[in-house]
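Fold and geometry: a report
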Amino acid sequence: MTMKRSIAGFLILVAISLYLYLTGFAQAVSCVPAAIVPVALALIGLLTGYFTEWPAARDAVQVSLGAADTKLFLSVVGGALASYYLNIRVGLGAVMAAGLVSVLAALILPTFSAPITCGGFVGMASPSVLPGVVYFLLAAVLAGLLYVLAKDVMNGFGGKLGAIAATGCTVAALLIGSNLPSASVPGWSTGKYIVLVTLISAEASYILNTRLKHGPVMGSGMVSITGGLLLPALYPGIGATLAVACACGSYAGMSSRARIPNEWLMAVVGLLSGLVFVCGASGLVGIGGRLGTIALGSVIAVWGGLRMYEKLSRSRSSSWGMSETDKQDSRSN
């Protein structure tokens, strides 16, 4: 029996986002004790979100692949090559390259802006992980295939495109035997600014996306470019790290209001993204799409927590209403 494409895509996205959150929790236990409780709560929300979203993946209608899917696949590959060129050959850096690809895609090819942006995240990979354009192309092909598999699942969650890109880069790195570089957990002297930046950038991207109607790709791209230009210049010591954190938050802001209904909840998503950015610093280092994967987990965690809260509230209301009815029945008797 062949597994449905939507189920395969869903399980892959679950695996990579859960990995980063488990890495973050493990690091929090050993290095950042203050983050243990919020990251643990996020894990509960994340698992709840997966469970809640599972029926949509299971029941998605299986449609035969066609020319439209080929265009989506080619858009991912094209976006990856464009981002790679801007990042590595032109030397703009990962954040600026991916942001520029997103903005140009939204302006010139809005119909294919999402897959092009997904490819743009592949192009953020470190050349120490994918040493050459051929390996970037391999990662892009794998990401393009996953994009088609997962096109009907987890829609509206900011960070989904990054998680697809991260999967392509990770599998490509494993296939070529590349060793991922190591990274240490930032101290709280830097970490507190990272969390602040992810919170602000998530809000800015979300407002541009939903309230000002620029859409997720343009909203995120504008915030990433702004952060990439300003933060390194304003804060020479930690500005490059803050620019990366800004991009991470902006990817969370790509969420729809159906998933994150207001700015208050997006603030929680941004805060959580920053905490996992800090605690999970050693996870998937150098992998393009890593930042989006952090964002995806944070969005699902908050959305899952919201679903859990709503379910508990309904259950309490139902119990209260029943008890009142029982009281009235007892009085009438």
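This text follows the structure it describes.
Below you will find a few notes about this structure. (Residues numbered from 1 in each chain as written. Predicted model: local features only at pLDDT ≥ 70, side-chain atom pairs only at ≥ 80, totals over all residues. Heavy atoms only, no water.)

Describing the overall build of the protein
Within the protein, the secondary structure is distributed over 12 helices and zero strands. Starting at the N terminus and ending at the C terminus, the protein contains elements arranged as α-α-α-α-α-α-α-α-α-α-α-α. Its C-alpha radius of gyration of 20 Å places the protein within 12% of the 20 Å reference for a compact globule of 333 residues. Based on the C-alpha atoms only, the size of the protein along its principal axes is roughly 85 × 50 × 40 Å. Expressed as a percentage of its 333 residues, the buried residues of the protein come to 52%. Accessible area for the protein stands at about 14800 Å²; split by element, carbon and sulfur atoms hold 68% of it. Distance between charge centres in the protein, computed from 19 positive and 10 negative side chains, equals 9 Å. (Helix = DSSP H or I, 4+ residues; strand = E, 2+ residues; numbered from the N terminus. Rg over C-alpha atoms; globule rule 2.2 N^0.38 Å. Buried < 20%, exposed > 50% of the residue type's maximum accessible area, 1.4 Å probe, protein only. Areas by Shrake-Rupley, 256 points an atom, 1.4 Å probe, with all protein chains shown as cover. Lys, Arg positive; Asp, Glu negative; His and termini not counted. Charge placed at Lys NZ, Arg CZ, Asp CG, Glu CD.)

A closer look at the nonpolar core
By size, the foremost hydrophobic cluster in this structure holds 87 residues, and its most contacted members are Val122, Leu130, Met154, Tyr251 and Ile260. With 10 residues, the single largest contributor to this core is helix α12 (residues 290–332). In contact with methionine 154, other than residues within four places in its own chain, are Phe10, Leu13, Val14, Tyr50, Glu53, Lys160, Arg259, Leu296 and Ile300. Judged by nonpolar contacts, the second largest core, of five residues, contains Leu86, Val101, Ala105 and Ile116. (Core = buried A, V, L, I, M, F, W, Y, C linked by side-chain atoms within 4.5 Å. Contact = heavy atoms within 4.5 Å.)

What about the packing of aromatic side chains?
The geometry of two aromatic rings is summed up by the distance between their centres and the angle between their planes. One pass over the structure, following the stated rule, counts four aromatic pairs. When the centroid spacing of 4.6 Å and the interplanar angle of 55° are considered together, the rings of phenylalanine 121 and tyrosine 251 count as tilted. With a gap of 130 residues between them, phenylalanine 121 in helix α5 (residues 113–122) and tyrosine 251 in helix α10 (residues 239–252) connect regions that are remote in the sequence. When sorted by exposure, phenylalanine 121 lands in the same class as tyrosine 251, which is buried. Here phenylalanine 157 and tryptophan 303 contribute two aromatic rings whose centre-to-centre distance is 5.1 Å and whose plane-to-plane angle is 80°, an arrangement assigned as edge-to-face. Separated by 146 residues along the polypeptide, phenylalanine 157 in the loop between α6 (133–149) and α7 (160–175) and tryptophan 303 in helix α12 bring together distant segments of the chain. Taking relative accessible area as the criterion, phenylalanine 157 reaches 5% and is therefore assigned buried. The cationic tip of arginine 259 hangs over the ring face of tryptophan 303; the distance from NZ or CZ to the ring centre is 5.0 Å. The ring of phenylalanine 277 carries the charged tip of arginine 290 above its face, separated from the ring centre by 5.7 Å. (Phe/Tyr/Trp six-rings, centres within 6.5 Å; stacked < 30°, edge-to-face > 60°. Lys NZ or Arg CZ within 6 Å of the ring centre and 35° of its normal.)

Here's the deal with helix α8 (residues 188–211)
With 24 residues, α8 should reach 34 Å at 1.5 Å per residue; the first-to-last C-alpha distance of 33 Å fits that figure. Looking one or two residues beyond α8, the residue adopting positive phi is lysine 213, at roughly 65°. (Expected span 1.5 Å × (residues − 1).)

Regarding the environment of alanine 60
Tracing the backbone through its elements, the reader meets alanine 60 in the loop between α2 (36–59) and α3 (67–89). With relative accessibility at 13%, the residue alanine 60 sits in the buried group. In this structure alanine 60 touches Lys4 and Ser6, once residues within four positions along its chain are discounted.

A closer look at the packing of α3 against α5
At a minimum axis separation of 6 Å, α3 and α5 run at an interaxial angle of 40°. The angle between α3 and α5 places the two elements in the oblique class. Note that α3 runs across α5; the crossing there is right-handed. The segment α3 lies against α5, with Leu72, Ser75, Val76, Gly79, Ala80 and Ser83 engaging Pro115, Ile116, Gly119, Gly120 and Val122. Its residues assigned to classes, the contact of α3 with α5 shows six nonpolar, five polar and no charged. (Axes fitted to C-alpha atoms, helices over the stretch in contact; angles between N-to-C directions. Parallel < 35°, antiparallel > 145°, perpendicular 65-115°, else oblique. Left-handed = near helix turned anticlockwise from the far one by under 90°. Nonpolar A, V, L, I, M, F, W, Y, C, P; charged D, E, K, R; others polar.)

Considering the state of the cysteines
In a disulfide, the sulfur atoms of two cysteines are covalently bonded to one another. The tally for this structure, following the rule as stated, stands at zero disulfides. Free cysteine: cysteine 248, not disulfide-bonded; nearest cysteine sulfur from cysteine 246 at 9.8 Å. A residue is classified by how much of its surface remains accessible, and cysteine 248, at 0% relative accessible area, is buried. (Disulfide = S-S within 2.5 Å.)

Re the environment of lysine 311
Within the secondary structure, lysine 311 sits in helix α12. Taking the C-alpha atoms as reference, lysine 311 lies 32 Å from tyrosine 147; in sequence the two are 164 residues apart.

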